[in-house]
Amino acid sequence: MDMIDILITMTKIVLLFGVVLITVAELVYTERKISAWVQNRIGPNRVGWRGLLQPYADVIKLLVKEDIVPAAAHRFIHTLAPIISITVAMSTLAVVPLAGQTFTLFGREISLLVADVNVGILYVLALTSMGVYGLTLSGWSSNNKYSLLGGLRSAAQMISYELSMGLSVIGVIMIAGSLRLTDIVALQSGWQWNIVLQPVGFIVFLVAAFAETNRTPFDLPEAEPELVGGYHTEYSSFKFALFFLAEYANMITASAVVVTLYLGGWQIPYLELLELPVYANVLLQILAFAVKVAFLLFVFQWVRWTVPRFRYDQLMNLGWKVMLPIALANVVVTGIVLLLL
Amino acid sequence: MSTQTDTKYELNFWEKIYIPEILKGMKLTLEQMLKKKETREYPEEKWVPPPSYRGAPVLVLEENGVERCVACGLCSRVCPALAIEVHASETEHEKERYPELFEINMLRCIFCGFCEEVCPEEAIVMSPVYEMAFTKYEDAIFGKEKLLTPVNELRPRLEYLRAHR
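Residues numbered from 1 in each chain as written. Chains lettered and ligands numbered in written order. Predicted model: local features only at pLDDT ≥ 70, side-chain atom pairs only at ≥ 80, totals over all residues.

Asks: Looking at this structure, how should I read the overall build of chain B?
Replies: Regarding its fold elements, chain B presents six helices and six strands. At 26 Å, chain B has a C-alpha radius of gyration far larger than the 15 Å of a compact globule built from 165 residues. Expressed along its principal axes, the backbone C-alpha trace of chain B runs to roughly 90 × 40 × 35 Å. Within chain B, the fraction of its 165 residues that count as buried is 17%. By sequence separation, contacts in chain B at least 24 residues apart represent 73% of the contacts at least 6 residues apart. (Helix = DSSP H or I, 4+ residues; strand = E, 2+ residues; numbered from the N terminus. Rg over C-alpha atoms; globule rule 2.2 N^0.38 Å. Buried ≥ 20, exposed ≤ 12 C-beta atoms within 10 Å, placed from the backbone. Contact = placed C-beta atoms within 7 Å.)

Encoded structure:
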């Protein structure tokens, strides 16, 4: 590990960070557009071409607003909470491989992921569950009953869904025999995507991902009509922007992980038969990954504007009485099938 | 027709596992997404009110350039919001009276149309104008110069009034 390696990694991080930030901004735009379309409206179309610059106007508006900390709030934790949220949301993407093809630049082989961790899935699961600290701490430190309720709900929800999420991933791990995300993607060549091999696991994981990212129908921690915004009620200005950013960054992360685990990551079936040059391969693989993630992000937003919010007891019932047994059964069935094969 | 009091509905198996029902809902929203948009892009595309619409009250100016108003003060009397002020004066014209001062405070006006209803000369009518945003209080008080409108612009409303009086 010399200076150039560090520099390469830093460049990758900066690039990834930039891409995620821009995607987050445009996600806010697509969210508003999709909500508008579902309701037969046009949606934002004033700022920039077809309103594409709308999120930047929103960000500027948020930045120039006054940053209010309630008098009774715990100042340190109140500031810390959004930082935890955004850090966690952003750092999960580090282990997701964007393309399998490596290329050489300045005499060095460059792979398209920031860190090839050998316990990639564990890293992802561990970090996504860290996100709950951001929400819970923000709920507690705001010293507001609604925020507290939102924070508590997020904690309960995370615990209920983390389990089924982890268990549904075990099926994938059993098939791949590795926790490294690059290995898992590499195994899904051709049409051997894990969604075909693990349809039940995919559905459980997807539902759990919705719950993990606090998206409708599981957006109980926010629940505008009941909790006045939930955990971020007492946040304004840049701290609120950070929470907002974290929510959408979480969505990107969740989509990327779902794509990596179940939809074949960067794989385009039978692309290797074409024997394209290296750079074309890299570009096509990144494009495939981006398209898959974009589709899942669309599904996230599509579902948000379709499904109403679950009630708290329904959420718990679904998590513990339905998802967990299904995930467990999935592990058992996968194990039996793998033994018999 | 039976009166159904028990609205509890037993879900069948496919409804209980949510996913098919959610997919149905998603199909519905997808269809909505592709439908025609209902938005009117307001500042570019303006709404044209029907003749029955009560916009800002205005004074009718005859084609020969004489106002119809004879300054009887009935509109001012009937106005529930006390928005109209009329000062009468005399002229050499056939109609001997005319309003020396006629002011409507558009911030007070509630667009009830009583002034129009009570006017014996059909001199004050509700126009189709609905864009009334002011930056200064003074701008909201319309004098004669703003109120007098050529009769041609108000034809639809006048005809509507005659038909439905």
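Asks: Got a minute to help me understand the environment of A:Ala115 in this structure?
Replies: Residue and element names in this part refer to chain A. With respect to the helices, strands and loops of the structure, Ala-115 is situated in the loop between β2 (108-112) and α4 (120-141). Sequence separation between Ala-115 and Pro-97 is 18 residues, and the spatial gap between their C-alpha atoms is 8.7 Å. Ignoring anything within four residues of it in the chain, the contact list for Ala-115 reads Ala-94 and Val-95.

Asks: Would you take a moment to explain the packing of helix α8 (residues 199-212) of chain A against helix α10 (residues 237-262) of chain A for this structure?
Replies: All names here are of chain A. One way to put it is that α8 packs onto α10 with a least axis distance of 10 Å and a crossing angle of 165°. Considering the angle they form, α8 stands roughly antiparallel to α10. Once α8 is placed against α10, the crossing between them reads as right-handed. Of α10, the residues touching α8 (which contributes Phe-202, Phe-205, Leu-206, Ala-209 and Glu-212) are Ala-254, Val-258, Leu-261 and Tyr-262. Grouping the constituent residues of the contact of α8 with α10 by class yields eight nonpolar, no polar and one charged. (Axes fitted to C-alpha atoms, helices over the stretch in contact; angles between N-to-C directions. Parallel < 35°, antiparallel > 145°, perpendicular 65-115°, else oblique. Left-handed = near helix turned anticlockwise from the far one by under 90°. Nonpolar A, V, L, I, M, F, W, Y, C, P; charged D, E, K, R; others polar.)

Asks: Would you mind going over the environment of A:Pro44 with me for this structure?
Replies: All names here are of chain A. For Pro-44, the location among the structural elements is in the loop between α1 (3-38) and α2 (54-64). Each C-alpha atom, one on Pro-44 and one on Arg-32, is 7.1 Å from the other, the two residues being twelve residues apart in sequence. With near-sequence residues (within four places) excluded, Pro-44 lies in contact with Tyr-29, Arg-32, Lys-33, Gly-51 and Gln-54.

Asks: Looking at this structure, I do not really get the sheet that holds strand β2 (residues 84-90) of chain B. What am I missing?
Replies: Each strand in a sheet pairs with its neighbour through backbone hydrogen bonds, running either in the same direction (parallel) or in the opposite one (antiparallel). Spatially, the three strands line up as an open sheet ordered β2-β3-β5 (chain B), and their pairing is antiparallel. Two strands bound the open sheet, and with one partner strand each, they are β2 and β5 (141-142) of chain B. (Pairing = 2+ DSSP bridges.)

Asks: Please explain unusual backbone geometry as it appears in this structure.
Replies: Across the chain, the bulk of peptide bonds are trans and the bulk of non-glycine residues have phi less than zero. With a phi close to 55°, A:Asn143 is a non-glycine residue in the positive phi region. Structurally, A:Asn143 can be placed in the loop between α4 and α5 (145-176). The residue B:Phe111 is not glycine, and still its phi comes out positive at about 55°.

Asks: Got a minute to help me understand the interface of chain B and chain A in this structure?
Replies: How big an interface is tends to be stated in terms of accessible area lost as the parts join. Counting from both sides, the interface comprises eleven residues of chain B and, opposite them, eleven residues of chain A. Grouping the amino acids of the side of chain B that touches chain A by side-chain chemistry returns four nonpolar, four polar and three charged.

Asks: Just to check I follow, could you spell out the packing of α5(A) against helix α12 (residues 312-340) of chain A for this structure?
Replies: Residue and element names in this part refer to chain A. Look at α5 against α12: their axes get within 8 Å of each other, and the N-to-C directions meet at 15°. Our classification of the angle between α5 and α12 gives roughly parallel. Our pair here, α5 against α12, has a crossing hand that is left-handed. Of the residues in the contact of α5 with α12, the class split is 15 nonpolar, nine polar and one charged.

Asks: Explain α5(A) to me, please; I cannot follow it from the model alone.
Replies: Owing to its 3.6 residues per turn, the α-helix brings residues three or four apart onto one side. The terminal C-alpha atoms of α5(A), which comprises 32 residues, lie 46 Å apart, in line with the 46 Å expected from a rise of 1.5 Å per residue. A:Gly177, located one to two residues past α5(A), shows a positive phi value of around 70°. (Expected span 1.5 Å × (residues − 1).)

Asks: Help me out: how do you make sense of the sheet that holds strand β4 (residues 124-126) of chain B in this one?
Replies: Residue and element names in this part refer to chain B. Reading across from one edge, β4-β1-β6 is the order of the three strands in this open sheet, with mixed pairing throughout. Two strands close off the open sheet at either side, each with one partner strand: β4 and β6 (148-150). On average, each strand axis in the sheet is tilted by 55° relative to the strand beside it, whichever way the strands run. By the bridge criterion, three bridges tie strand β1 (residues 57-61) to β6 in an arrangement that is parallel. Counterpart to Leu-61 in the pairing with β6 is Pro-150.

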